Amino acid sequence: MKKLLAFSLAEVLIALSIVGIIGALTLPNVKKTYEQKEAHAKATKVQHVLDSATIALVKEYGSLDAVVRGIDDKSDRSYALLDAYKKYMKFTNVCGKTSSSSACFPTGAFADPLNTSSKTAYDSTTCTTKNGLPYCTIAPASKPYFTPLYPNCSPCSGSGATRNCLSASSCVVTSTPGEDNSNCATAILNDGTAIAFCDVSRQKGNCTASNTVSSSGGLLELAMGTINTTYCPSVAVYFDIKGAKRQNTLAMSRNVFFGYLTDEGFNDTYKSIASISAGAFNDNIITTVVDTSTSGGLTFGRF
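What counts, and at which threshold
- Residues numbered from 1 in each chain as written.
- Predicted model: local features only at pLDDT ≥ 70, side-chain atom pairs only at ≥ 80, totals over all residues.
- Heavy atoms only, no water.
- Core = buried A, V, L, I, M, F, W, Y, C linked by side-chain atoms within 4.5 Å.
- Buried < 20%, exposed > 50% of the residue type's maximum accessible area, 1.4 Å probe, protein only.
- Helix = DSSP H or I, 4+ residues; strand = E, 2+ residues; numbered from the N terminus.
- Contact = heavy atoms within 4.5 Å.
- Lys, Arg positive; Asp, Glu negative; His and termini not counted.
- Salt bridge = Lys/Arg side-chain N within 4 Å of Asp/Glu carboxyl O.
- Polar contact = N/O pair within 3.5 Å; in protein donor to acceptor, adjacent residues only side chain to side chain.
- pLDDT = per-residue confidence, 0-100.
- Pairing = 2+ DSSP bridges.
- Axes fitted to C-alpha atoms, helices over the stretch in contact; angles between N-to-C directions.
- Disulfide = S-S within 2.5 Å.
- Patch = residues over 30% accessible without salt bridge, like charges linked within 9 Å, V, L, I, M, F, W, Y side chains within 5 Å.
- Areas by Shrake-Rupley, 256 points an atom, 1.4 Å probe, with all protein chains shown as cover.
- Phe/Tyr/Trp six-rings, centres within 6.5 Å; stacked < 30°, edge-to-face > 60°.

## Here's the deal with the nonpolar core
Counting residues in hydrophobic clusters, the biggest one holds 31 residues, and the most contacted among them are Leu50, Met89, Ile195, Phe197, Phe239 and Leu261. When contributions to this core are tallied by element, the ones reaching two or more residues are helix 1 (9-61), helix 2 (64-68), helix 3 (74-85), strand 6 (184-189), strand 7 (194-199), strand 8 (235-240) and strand 9 (256-262). Of all the elements, helix 1 adds the most residues to this core, at seven residues. With residues near it in sequence (within four places) discarded, isoleucine 195 still touches Leu50, Met89, Phe91, Cys104, Phe105, Ala185, Thr186, Ala187, Leu189, Val237, Tyr238 and Phe239. Formed by 26 residues, the second largest nonpolar core is a distinct cluster that contains Phe110, Cys198, Ala244 and Tyr260.

Written as structure tokens, this is what we have:
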């Protein structure tokens, strides 16, 4: 009688255990790599859609600024831009600038784990009178979330006792595009992506495009990372590839992206899309953050 060779039950169980351990160690990385590539592909697709729509829009109107020419209200200008893009982009839902905008874009600010922005805001102005003259105290506040600034725009002027940050509001772009006070206009693309158009055309008066920027003053003083300053944009745009529903990972460089639109198309100003391909896609992301952090750094200036 021929003797058959086989593995014992113990050997089979040991082999299965080894396979299970290897799988447990490798599957998270495989999943992360897949999600990273998927996010980059989706974000790049939206970028290309914005590029194509912008080129068509500029061909029709002559420039993005022409779309909002003659419109005074900022939220009306944002809606006019959204309405113009609607002709060249496929939307399944348009919330516009109504109080129901949260149905088209997540509310709150977004985590910035890579510190792509300076996380510095200028929203703490206190004015007093000294020696019969009005003075204002500005406290640049350190925020735990993404805080974009308009390119080539310096929020402060002067130095020392005469340093004045009163014009900072002209450089600040909203950090909460889904909220009603953001003056943005929101919609949902046909692939489920939530998008917000925020008009910044009035801020172009504070911008002088240049190929070089001084290391002191201007955007490079405030934002970390390389910022392209060769343009003065008309529109700021946010988009969330996960849609309007609030997620546990509302963070830049994961599913929320930001850039500016010029007549040439989308500019990934803070490298929020490019950073994904560089491997900046981790699971240790906090949820939508609340403004709870402020710092000192008081500066004084003549009112």
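## Re the side chain of aspartate 240
By secondary structure assignment, the location of aspartate 240 is in strand 8. Despite its burial, aspartate 240 pairs with no opposite charge, the nearest such side chain being lysine 242 at 7.7 Å. From its side chain, aspartate 240 meets the backbone nitrogen of lysine 242 in a polar contact 2.9 Å long.

## Remarks on the confidence of the model for the protein
Looking at the protein as a whole, its pLDDT mean stands at 74, while 68% of the residues score no less than 70. For residues 283-303, every residue scores under 50 in pLDDT, and the model assigns this stretch 70 contacts once sequence neighbours within four places are set aside.

## Considering the sheet that holds strand 1 (residues 91-96)
A sheet is described by the order of its strands in space; here six strands give the open sequence 1-6-7-8-9-10, paired in antiparallel fashion. Only two strands of the sheet have a single neighbouring strand rather than two, namely strand 1 and strand 10 (265-267). Across the sheet, the mean angle separating the axes of adjacent strands is 25 degrees when strand polarity is ignored. For strand 7 and strand 8, the ladder comprises six bridges, and the chain directions are antiparallel. For cysteine 198, the partnering residue across the bridge sits in strand 8 and is alanine 236. Strands in contact with helix 3 are strand 1, strand 6, strand 7, strand 8 and strand 9; relative to strand 7, the strand with the most contacts, it is inclined by about 130 degrees.

## Quick look at the state of the cysteines
By definition, a disulfide is the covalent link that joins the sulfur atoms of two cysteine residues. On inspection of all chains with the given rule, the structure shows two disulfides. Disulfide pairing places cysteine 95 opposite cysteine 104 at an S-S distance of 2.1 Å. Here the disulfide of cysteine 95 and cysteine 104 is right-handed, its torsion about the S-S bond being about 75 degrees. As far as the burial class goes, cysteine 95 and cysteine 104 line up, both buried. One disulfide in the model links cysteine 184 with cysteine 198; its S-S distance is 2.0 Å. Taking the sign of the S-S torsion, 105 degrees for the link of cysteine 184 and cysteine 198, the bridge is right-handed. Residue cysteine 184 is located in strand 6, and its partner cysteine 198 is located in strand 7; the two are separated by 14 residues in the primary sequence. By the burial criterion, cysteine 184 is buried, and cysteine 198 matches it.

## Section: the pattern of salt bridges
According to the stated counting rule, one finds four salt bridges in the structure shown. As a salt-bridge pair, glutamate 38 and lysine 42 come within 3.8 Å of each other at their nearest N and O atoms. Taken together, the positions of glutamate 38 and lysine 42, both in helix 1 and four residues apart, correspond to about one turn of that helix. For aspartate 199, the salt bridge goes to arginine 77, with nearest N and O atoms at 2.6 Å. Placement of the pair is aspartate 199 in strand 7 and arginine 77 in helix 3, with a sequence separation of 122 residues. The class of aspartate 199 is buried, set by a relative accessible area of 0%.

## Here's the deal with a nonpolar patch on the surface
There is a patch of nonpolar side chains on the surface, built from Phe7, Leu9, Val12, Leu13 and Leu16 and spanning about 570 Å² of accessible area. Residue leucine 16 is classed as exposed on the basis of its relative accessible area, which comes to 55%.

## Concerning the packing of aromatic side chains
One pass over the structure, following the stated rule, counts 13 aromatic pairs. Their ring planes at 70 degrees and their centres at 6.5 Å tell us that phenylalanine 105 and tyrosine 238 sit as a pair that is edge-to-face. A residue pair is termed long-range when its members are at least 10 positions apart, and phenylalanine 105 in the loop between strand 1 and strand 2 (120-121) and tyrosine 238 in strand 8 qualify at 133 residues. Judged by centre distance (6.1 Å) and plane angle (45 degrees), the ring pair of phenylalanine 110 and tyrosine 238 falls under tilted. You can see phenylalanine 110 sitting in the loop between strand 1 and strand 2 and its partner tyrosine 238 sitting in strand 8, a full 128 residues away along the chain. We classify tyrosine 238 as buried; its relative accessible area is 0%. Aromatic rings pair up to connect Phe105, Phe110, Phe146, Tyr150, Tyr238, Phe258, Tyr260 and Tyr270 into one cluster.

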